[in-house]
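In case you want the letters, here they are:
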Amino acid sequence: MSMSGMFTMRCGLRVLGHKVCSGSSVTAAAAARGMAPKAAFSSAASITVDLSKAFDLHNLEAAPPTEATATKEELVEYLRLMYTMRRMEITCDTEYKARTIRGFCHLYDGQEAVAVGVNSALDFNDSWITSYRCHCVALSRGSTVEQIISELFGFKEGTVKGKGGSMHFYSKKHNFYGGQGIVGAQVPVGTGLAFANKYNTPPGENMPVAIAMYGDGAANQGQIWEAANMAALWKLPMIFCIENNQYGMGTSIERSSSNTRYYTMGNKIPGIRMDGMNVVAVREGMKFVKDFVGSGNGPIFVEMNTYRYHGHSMSDPGTTYRNRDEIVQTRSTRDPIEWVKKNLVDHSMLSSDGVKEMEKGIRKEVQDALKKAKAGSQPPLEELFRDIYSADEKGTNQYPPYIRMPDRTKSREFA
């Protein structure tokens, strides 16, 4: 398929009611730890990123290419989606403090390049499951800002009708199996998705892949190794993706893990570490990974070296176990949004005023989405009894025979 054909094929997400591109056709690769690689001027319509020192590999004979190209159109869409994520999460922070959002709430700001880069490499035939830090992944997989905020409010207009909340987004249409409220529990489920993808693919054909994303705090769990062992034995198209944001809750990786090279944790299973703060890097690293596991080579461990700006959750100020200078330093040197903005401006793809105008428009769109979300309403009582069992062959909802309510007099029996 041609570059333009692939780019067109993957354009279909809706963000704030606008279609955006969920993928890229450019051949690029991922950046390694530390500073994001600088992009060299290529032409008025694209940039070339030097990735000659971009990867740390484990048990891999092949590697992604040493340079990557990104077009103006791609960079603009990455900026739009990442900045939308950033503003949405900041809005969630504000609403949580205003107590219009309750319960658990884990924000993703700082890690946007991971979600956007992964989504740019995958397509909707691939299966994706992640942790409870899932708002922005849901956005990249087809939800709108209004739907996401509505879900956080517990309103029926939400992505899963107000029944999932912050940690449990889901989209059957786009093979997104949501967030998982239990630390690490998404990994065996993701391995099951990989098994299904292999089972349903005719022999000799490339398989859709499955990716389970989890944090460094979950990386040493036994259930992950058990799932990885099965995936290796059966050569499943499975991506074990560690979003290493440097802290598991309030514990640094040095204090929690005897091996901080998470991409090597699969032992015999190959692994790769890439710069999770560079969207072009993530995109191309994941294109390489998708091809590797989808063509029958078995699973791979991927470590995204990234950083979260907020604390672990809204109850965590995020400054008791790290100092503010560390956060400021990361924002000033490795921010994923600023990297894209700088390259657009430096290579005369967008002016500084053009970037500011885009950001102003996105801020307004997020506020408009918030206003619409606030006009929503809670789901009716009957919705509590739906989707407990899967629908029958005709699509009719199946009810359990008895549901006990907190007030026993309101318990329900179904024939």
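Everything quoted here is computed from the prediction, not taken from an experiment.

Criteria and cut-off values
- Residues numbered from 1 in each chain as written.
- Predicted model: local features only at pLDDT ≥ 70, side-chain atom pairs only at ≥ 80, totals over all residues.
- Heavy atoms only, no water.
- Salt bridge = Lys/Arg side-chain N within 4 Å of Asp/Glu carboxyl O.
- Helix = DSSP H or I, 4+ residues; strand = E, 2+ residues; numbered from the N terminus.
- Contact = heavy atoms within 4.5 Å.
- Buried < 20%, exposed > 50% of the residue type's maximum accessible area, 1.4 Å probe, protein only.
- Polar contact = N/O pair within 3.5 Å; in protein donor to acceptor, adjacent residues only side chain to side chain.
- Patch = residues over 30% accessible without salt bridge, like charges linked within 9 Å, V, L, I, M, F, W, Y side chains within 5 Å.
- Areas by Shrake-Rupley, 256 points an atom, 1.4 Å probe, with all protein chains shown as cover.
- 1 Å grid on protein atoms, 1.4 Å probe; cavity = no way out; pocket = protein on both sides within 12 Å on 5 of 7 lines; lining within 4 Å.
- Points joined across faces, edges and corners; volume = space filled by probe spheres on them.
- Nonpolar A, V, L, I, M, F, W, Y, C, P; charged D, E, K, R; others polar.
- Phe/Tyr/Trp six-rings, centres within 6.5 Å; stacked < 30°, edge-to-face > 60°.
- Lys NZ or Arg CZ within 6 Å of the ring centre and 35° of its normal.

Notes on the pattern of salt bridges
This structure, assessed with the given rule, holds 21 salt bridges. The salt bridge partner of Lys156 is Glu157, with a shortest N-O separation of 2.9 Å. Sharing partners across several salt bridges, the network here consists of Glu74, Arg283, Glu284 and Lys287.

Regarding the side chain of Glu383
Within the element layout of this structure, Glu383 appears in the loop between helix 12 (352-374) and strand 14 (402-403). When residues no more than four places from it in sequence are discounted, the contact partners of Glu383 are Lys161 and Lys163.

Describing the environment of Gln221
Looking at where Gln221 falls in the secondary structure, it is placed in the loop between strand 8 (210-215) and helix 7 (222-233). Residue classification places Gln221 among the partly exposed positions, given a relative accessible area of 25%. Linking Gln221 and Gly184, residues 37 residues apart in sequence, is a C-alpha distance of 7.2 Å. Ignoring any residue separated from it by four or fewer positions in sequence, one finds Gln221 in contact with Val183 and Gly184. A distance of 3.2 Å separates a polar side-chain atom of Gln221 from the backbone oxygen of Val183. Only 2.6 Å separates the side chain of Gln221 from the side chain of Gln223, close enough to count as a polar contact.

Re a nonpolar patch on the surface
A grouping of Phe195, Tyr199, Met230, Leu233 and Trp234 is seen on the molecular surface, where their side chains present a nonpolar patch of about 600 Å² in accessible area. Listed by contribution, the elements that provide at least two residues to the nonpolar patch are helix 6 (186-199) and helix 7. Position of Tyr199 among the secondary structure elements: in helix 6.

What to know about helix 3 (residues 112-121)
Within helix 3, 10 of the 10 residues are buried, leaving the element largely enclosed by the surrounding structure. Among the residues making up helix 3, those that are buried are Glu112, Ala113, Val114, Ala115, Val116, Gly117, Val118, Asn119, Ser120 and Ala121.

Quick look at the layout of surface pockets
Of the volumes computed, that of the largest pocket is approximately 520 Å³. Lys161, Lys163, Tyr170, Lys172 and Asp387 are the residues nearest the centre of the largest pocket, which is lined by 17 residues in total. Across the lining of the largest pocket, the residue classes tally to four nonpolar, eight polar and five charged.

Structural notes on the packing of aromatic side chains
Taken as a whole and judged by the stated rule, the model has 10 aromatic pairs. Note on Tyr170 and Tyr177: the rings are 6.1 Å apart at their centroids and 65 degrees apart in plane angle, and the pair reads as edge-to-face. Judged by its relative accessible area of 37%, Tyr170 falls in the partly exposed class. With a relative accessible area of 27%, Tyr177 lands in the partly exposed category. With a centroid separation of 6.5 Å and an interplanar angle of 25 degrees, the aromatic rings of Phe288 and Phe292 are classed as stacked. Here Phe288 and its partner Phe292 are both found in helix 9 (residues 279-297), four residues apart, which amounts to about one turn of the helix. Relative accessible area serves as the criterion here: at 15%, Phe288 is assigned to the buried category. Three or more aromatic residues link up through ring pairs in this structure, and these residues are Phe195, Tyr199 and Trp234. Directly above the ring of Tyr309 sits Arg331, whose terminal nitrogen or CZ lies 3.9 Å from the centroid.

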